[in-house]
There are 2 protein chains.
Amino acid sequence: MTGPENVKLIIFDCFGTVVDWRGSIIEDLSKWGEQKGLSIDWALLADLWRGSYEPQMGRVRSGEIPWTNLDDLHFESLQAVLSELHAPELGQLDLMHINRVWYRLNPWPDAVEGLERLKRKFVIGPLSNANVSLLVNMAKFANLPWDHAFSCELYQHYKPDPETYLGVCRMMYLDPEEVMLCAAHNYDLVAARECGLRTAFIPRSTEYGPGQKTDLTAEQEWDVIASDLIEFATEMGA
Amino acid sequence: MTGPENVKLIIFDCFGTVVDWRGSIIEDLSKWGEQKGLSIDWALLADLWRGSYEPQMGRVRSGEIPWTNLDDLHFESLQAVLSELHAPELGQLDLMHINRVWYRLNPWPDAVEGLERLKRKFVIGPLSNANVSLLVNMAKFANLPWDHAFSCELYQHYKPDPETYLGVCRMMYLDPEEVMLCAAHNYDLVAARECGLRTAFIPRSTEYGPGQKTDLTAEQEWDVIASDLIEFATEMGA
């Protein structure tokens, strides 16, 4: 069976697919840093911080450390990055304010309209490595109209572990072919397809900044390929 | 500290507090039963079925059976109730249709407006013994604008176990005094208050039908007491 005819639930990767994490971090922290008189290269901080994302989750995946929420992995790697950048010593409240910049990310310009249309026809939610608190606060900040936050925290596994995609199906009493993942990252869709889910690709060619070289195009024939979430809604008849 | 000044998240009991389970079950299944030519006393079925709710959760709480979602406890007790009522033999699809009547419950007339107002100022979600699938489908059916479904499934404990109320606080990185439970049942508020949460009582004097004798009034000085969810929103400045 092919095509998205039976889809009841659409889950979305968040960082990069729905929200512009890099642009938002730079904008938010540059403003705040200026008020604080901090001279830190926030673009470099964003890139180094995000660079620690995969290795940090890898420590959980390998069993080196027990399940740890992304908020806490972020906090740990933030301190390492600040030290690498020779940033001035910061107090606990400032560190928490920086760490919670992930709660204050802006959606891509097409995201809210696309999701609102999709929500009329489907159940929609993030399937993100972010913990529930991060996702719920981000949704409030960015006006993302989720029906439910399918955080990886609920499954105690990080994507692309199959426990995450299949955990959503089981929790919603749906067959994998009734669930579709929409993502800007081919590796995420590969893992979802291996679990039997439907797949949709949206390119986000500036997620990692102007020099991005990965995920510029669909690397497989995904069930749907659209230029953004508004076109995706149209493709899905929503 | 008293008063709801620091509240950031309001969680709601669902069955009875937000949705009229008894009236909805009777209305939905009476219509369907007529089409099917089934003569079953649906009001009696609703009462017996709901009567099995506490004992069924008690089996999980005592450890007699492992964690089991409410959908599955409902399915088991539905079969016992139908047998007690000497109902005609029903196929699996019909049984599933009846069991999913819990996905098709109507909100009390004040619920959607009250929740929409509260959502502008607070994070809102159910904290219900219903599993995630039930809560998300019920919200779609009844237009309940939750930010997230804090189902007891996420904590593998049924209310009024403290793991549920404290599980929400931990998941949202909030202190108990930043979280308020709104419920039509005094026992639920007692348990939440023991965990340090704020409390709000809404009476629902016909939840169990015309002869209801319990929870007609607030049995403690809860932080907020309101006649319905619209008045509750007003009390909360939303």
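Just above sits the structure.
Everything numeric here is computed off the predicted structure, so don't read it as measured data.

> Is there a simple way to explain the sheet that holds strand β5 (residues 198-201) of chain A in this structure?
Residue and element names in this part refer to chain A. Strand order across the open sheet formed by six strands is β3-β2-β1-β4-β5-β6, with parallel pairing between neighbours. Looking along the sheet, the strands with just one partner apiece sit at the ends: β3 (150-151) and β6 (224-225). Note that strand β4 (residues 179-183) and β5 share four bridges and pair parallel. Bridge pairing links Cys 182 to Ala 200 in β5. Of the strands in this sheet, β1 (9-12), β2 (123-128), β3 and β4 touch helix α8 (residues 162-171), which is tilted by about 140° from β4.

> What is the right way to look at the relation of the copies chain B and chain A in this model?
For the pair of chain copies, the relating transformation is a rotation about an axis with a translation along it. Overlaying chain B with chain A gives an RMSD of 0.0 Å, the required rotation being 180° about an axis along which the chain moves by 0.0 Å. What the superposition gives is, in effect, a two-fold axis relating one chain to the other. Measuring from the rotation axis to each C-alpha of chain B, the shortest distance belongs to His 148 of chain B, at 2.5 Å. The fraction of interface residues of chain B whose copies in chain A are also interface residues reaches 100%, indicating that both copies meet through the same surface.

> Would you mind showing me how to read the nonpolar core here?
The nonpolar side chains of a soluble globular protein tend to be buried with one another. In this structure, Ile 10 and Leu 181 of chain A together with Ile 10 and Leu 181 of chain B are the most contacted members of the largest nonpolar core, which totals 148 residues. Contacts of Ile 10 of chain A, omitting those with residues within four sequence positions, involve Leu 118, Phe 122, Ile 124, Met 180 and Cys 182 of chain A.

> I'm lost on the pairing of β2 of chain A in this one. Help?
Residues and elements named next belong to chain A. In terms of residue burial, β2 counts as a mostly covered element, since six of its six residues are buried. Every second residue of β2 is oriented toward a common face, with Val 123, Gly 125 and Leu 127 on one face and Ile 124, Pro 126 and Ser 128 on the other, all of them buried. Across four bridges, β1 lies against β2 in parallel orientation. What sits directly across from Phe 12, in β2, is Pro 126. With two bridges connecting them, β2 and β3 associate as parallel partners. Along β3, the bridge assignment pairs Ser 128 with Ser 151. Considered for its hand, the β-α-β crossover made up of β2, helix α7 (residues 132-142) and β3 is right-handed.

Calculation notes
Residues numbered from 1 in each chain as written. Chains lettered and ligands numbered in written order. Predicted model: local features only at pLDDT ≥ 70, side-chain atom pairs only at ≥ 80, totals over all residues. Pairing = 2+ DSSP bridges. Helix = DSSP H or I, 4+ residues; strand = E, 2+ residues; numbered from the N terminus. Contact = placed C-beta atoms within 7 Å. Axes fitted to C-alpha atoms, helices over the stretch in contact; angles between N-to-C directions. Least-squares fit on C-alpha atoms with pLDDT ≥ 70 in both. Core = buried A, V, L, I, M, F, W, Y, C linked by C-beta atoms within 7 Å. Buried ≥ 20, exposed ≤ 12 C-beta atoms within 10 Å, placed from the backbone. Right-handed = clockwise from strand over helix to strand, strands pointing away.

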